[in-house]
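What follows is the residue order along each chain.
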Amino acid sequence: MALSQHIPDVQERRFDLLRVPMLGRFLKQKHARTLLQIPVFIVAVVMVLHGIFGPQISPKNLSTVLTWVHFRGVLILVLLVAGNFFCMACPFMLVRNAGRRLFKPRWNWPRALRNKWGGILLFAGVLFAYENFSLWSRPLWTAWLTAGYFGIALLVDGLFEHATFCKYLCPIGQFNFIASTVSPLEVAVRDHGVCDRCQTKDCIRGRRAAGPGAEKFVILQRGCETALFQPRKEGNVDCTFCLDCVHACPHDNVGILSREPVAELSSNALRSGIGRFSRRVDLAALAVFFVFSALMNALGMVAPVYSMEKWLGSVLRTEWQPLLLGLVFVAVIVLLPAVLLLPAAAVSSRVSARNWREMLLRYSYSLVPVGFGMWLSHYSFHFLTGLLTVIPVTQSALNDIGIYAFGDPMWTLMGLPLRWVQPLQMGALVMGFAGSLIVSWRLAEEDAEDRVAAIFAPWAAVDVVLLVIAVWLMLQPMDMRATLMAG
Amino acid sequence: MYLRRQAIAVAATCLIGLSGCHRGQARLDDASIRVTPTLASAHPHVGTDTLAIQLRGANGPPLNDARISVETEMNHPGMVPSNSTATGTAPGEYRAPVEFTMAGDYVIELHIRLADGRTLHRTTDIRGVDAKPEAN
């Protein structure tokens, strides 16, 4: 049975979040994003302040609790059930926008850097820092990481035009862009016929007016800052859900529409602002990094990694953690993908008589759902088992500043019991695995209708290996150490 | 415009400065009371262990009749903590059970109320609790 993919025609009737009473009306307000950003910004400021001035005990500090338990959990769950709403409510962009009232960016991001390599590097840097410096156990460092994030966003977008930080650098943004390919909502055109007749293209250009004095113009409404031209936009990659296009469109023709999750991963259509998936080595590398860094991040929380590091340390006669951790990173994020993906690409290339490089790039995206399942399994574990811990920590923080209205901290509040969470984790892994199989199968159907199973098989095998590793990891006893060589 | 930039610079400087103040304040009462917590196991593992706590005044006399509550928590947020109360075993000596629920690093917090009503708060890090007892 053919499972050929059908990204729904925009003319089809689809659920549109912007048509939901009240919510849709709210989101279409020009300052809706700012109103969403302000509370998140306030929470971020509280996290930073508590991280700096509060108790330096990780489970009792809002900086660590909110960052490493709640933020990550909410982020991945919202991506699963809706879309990239964190970027919509991004507090860094609130500060960036305020900053741009003071400093007008003058430069364009260098052409050579207009790709995902910088984002991958920063993403890897944050993950490495998380493991190497045990950021989960350090409120002060977590607070400075958050504050630094604000600073870098402000600096980059203070110097460079458009959404340079979001599109090319922001590690959370890169994570969201890839993860949101499995989301059920996307910002999309409601009726392409309206776009065909549109003369102004405000969704990409924005609206400007002649400026006062020396200023050439003032921006009345921004167009898409990540260069996604709505009529040719497909999917969620690089879309920050900022809704600038929604506000800019003079025909009210852009909505937040439902769609089939993961379908965009098997499409090789020419996308505005992105090009074809099969020609984007950097984007495919980001997808692969997304998948294998999920393994690495989970691996850092179980005992076998410490044994591996001890063994490495004894072989190399060193206990220098950055080196040992770096080697584990290289093994999991570079060598393991190479060992799994290159043979799969070679086999499927031979069967389909297509170029192996193209096969490698296109099928790399098929792994995203299984990677998403791993992230979901990991982050939802911390989020659900520690769901209520934010309450006593907030009570304690309020007590510390003399507010006792909310009572003494109820330290016994935790979250869901492990026996409830583990089946959900397993469900997340299986769901991701199924998504990857579907994407691989659809790609194989496109490549050769008569040899679908043969092309599909090596990639399905990669999915199986990833699933087995993920399940094995999940079943390992947790071991959360700040120092790898300790104990 | 110039004033706004100055205000941002001043705010940033204050934030950094205040961060430093906080760290200095934490050391103020360290010298007045000596609290020495010692875990019974040299190589702690998942399960129940015993924490011995020695309380001494500034000049060395044992401090009796203190109430010590012990919180044992992982250094990762969102994990299950365990609480216990220490009991006196000898002059200035106390013992409390501590529960390690999984392998990893822990923070043990001691909330101490001395016989004269003064309160103290101390923390101690326990690194590398193993999943199983170390094989001999």
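Predicted, not measured: the structure shown is a model, and the values here were computed from it. (Residues numbered from 1 in each chain as written. Chains lettered and ligands numbered in written order. Predicted model: local features only at pLDDT ≥ 70, side-chain atom pairs only at ≥ 80, totals over all residues.)

Observations regarding the sheet that holds strand 2 (residues 47-56) of chain B
Residues and elements named next belong to chain B.
At step 1: In space, the 4 strands of this open sheet follow the order 1-2-6-5, with antiparallel pairing throughout. Each end of this open sheet is capped by a strand with a single partner; those strands are strand 1 (34-39) and strand 5 (87-90). Averaged over all adjacent pairs, the angle separating strand axes in this sheet is 35°, with direction ignored.
At step 2: For strand 5 and strand 6 (residues 93-100), the ladder comprises 3 bridges, and the chain directions are antiparallel. Bridging across to strand 6, alanine 90 finds its partner in glutamate 93. (Pairing = 2+ DSSP bridges. Helix = DSSP H or I, 4+ residues; strand = E, 2+ residues; numbered from the N terminus. Axes fitted to C-alpha atoms, helices over the stretch in contact; angles between N-to-C directions.)

What about helix 3 (residues 62-81) of chain A?
At step 1: Its maximal kink placed at histidine 70 of chain A, helix 3 of chain A deviates by approximately 35°.
At step 2: By the criterion of burial, helix 3 of chain A is predominantly enclosed, with 16 of the 20 residues buried. (Bend = angle between axes of the 7 residues up to and from the residue. Buried ≥ 20, exposed ≤ 12 C-beta atoms within 10 Å, placed from the backbone.)

Some details on the interface of chain B and chain A
At step 1: With 25 residues of chain B at the contact, the number on the chain A side is 28 residues.
At step 2: For the side of chain B that touches chain A, the elements supplying multiple residues, two or more each, are helix 1 (2-25), strand 3 (67-74), strand 7 (103-113) and strand 8 (119-129) of chain B.
At step 3: Broken down by element, the side of chain B that touches chain A gets its largest block of residues, 5 residues, from strand 7 of chain B.
At step 4: Classifying every residue of the side of chain B that touches chain A gives 10 nonpolar, 8 polar and 7 charged.
At step 5: As paired strands, strand 5 (residues 479-480) of chain A and strand 7 of chain B are joined by 2 bridges and run parallel to one another. In the strand pairing of strand 7 of chain B, aspartate 479 of chain A is matched with alanine 103 of chain B. (Contact = placed C-beta atoms within 7 Å. Nonpolar A, V, L, I, M, F, W, Y, C, P; charged D, E, K, R; others polar.)

What about the environment of proline 231 of chain A?
Residue and element names in this part refer to chain A.
At step 1: Along the chain, the position of proline 231 falls in the loop between strand 3 (217-221) and helix 12 (244-248).
At step 2: By the C-beta count within 10 Å, which is 18 here, proline 231 ends up partly exposed.
At step 3: Through-space distance from the C-alpha of proline 231 to that of leucine 323 is 48 Å; in sequence the pair is 92 residues apart.

Here's the deal with the domain arrangement of chain A
Residues and elements named next belong to chain A.
At step 1: Domain assignment breaks chain A into domain 1 (1-23 + 185-259) and domain 2 (24-184 + 285-475).
At step 2: Between domain 1 and domain 2, the C-alpha centre-to-centre distance is 26 Å.
At step 3: Listed by partner, the interface residues are 28 residues for domain 1 and 28 residues for domain 2.
At step 4: Sorting the residues of the side of domain 1 that touches domain 2 by element identifies strand 1 (185-189) and helix 12 as the ones contributing at least two each.
At step 5: Of the residues assigned to the side of domain 1 that touches domain 2, the class counts are 15 nonpolar, 8 polar and 5 charged. (Domains from an automatic or database assignment.)

Looking at helix 14 (residues 303-316) of chain A
Residue and element names in this part refer to chain A.
At step 1: When the terminal C-alpha atoms of helix 14 are compared, their 20 Å separation across 14 residues agrees well with the 20 Å that a helix rising 1.5 Å per residue should span.
At step 2: For helix 14, the full list of buried residues reads Ala303, Val305 and Tyr306. Take helix 14 and look down its axis: the buried residues cluster within an arc of 155°, on one side only. Exposed residues pointing more than 90 degrees away from the buried face of helix 14 are listed as Ser307, Trp311, Val315 and Leu316. (Expected span 1.5 Å × (residues − 1). Arc of directions from axis to C-beta.)

Comments concerning the packing of helix 6 (residues 117-132) of chain A against helix 15 (residues 321-352) of chain A
Residue and element names in this part refer to chain A.
At step 1: Between helix 6 and helix 15, the shortest axis-to-axis distance is 11 Å and the interhelical angle comes to 130°. Considering the angle they form, helix 6 stands oblique to helix 15. Handedness of the helix 6/helix 15 crossing: right-handed. Between helix 6 and helix 15, the residues in contact are Phe128, Glu131 and Asn132 and Gln321, Pro322, Leu325 and Phe329, respectively.
At step 2: Among the residues making up the contact of helix 6 with helix 15, the classes are represented as 4 nonpolar, 2 polar and 1 charged. (Parallel < 35°, antiparallel > 145°, perpendicular 65-115°, else oblique. Left-handed = near helix turned anticlockwise from the far one by under 90°.)

Remarks on the nonpolar core
At step 1: By size, the foremost hydrophobic cluster in this structure holds 158 residues, and its most contacted members are Ala287, Phe290, Val291, Phe292 and Val368 of chain A together with Ile68 of chain B.
At step 2: With 14 residues, helix 13 (residues 281-299) of chain A is the single largest residue contributor to this core. (Core = buried A, V, L, I, M, F, W, Y, C linked by C-beta atoms within 7 Å.)

As for the environment of valine 70 of chain B
Residue and element names in this part refer to chain B.
At step 1: Counting through the fold element by element, valine 70 comes out in strand 3.
At step 2: Between the C-alpha atoms of valine 70 and arginine 95, which are 25 residues apart in sequence, the distance is 10.0 Å.
At step 3: Not counting residues up to four positions away in its chain, the partners in contact with valine 70 are Leu51, Asn83, Ser84, Thr85, Ala86, Ala96, Val98, Ile108 and Leu110.

Quick look at unusual backbone geometry
Most of the time, phi is negative for any residue but glycine, and the peptide bond is trans.
At step 1: Even without a glycine there, the phi angle at leucine 243 of chain A is positive, about 70°.
At step 2: Secondary-structure assignment places leucine 243 of chain A in the loop between strand 3 and helix 12.
At step 3: In the Ramachandran plot, aspartate 65 of chain B falls in the positive-phi region, its phi being about 55° despite a non-glycine side chain.
At step 4: Relative to the helices and strands, aspartate 65 of chain B is located in the loop between strand 2 and strand 3.

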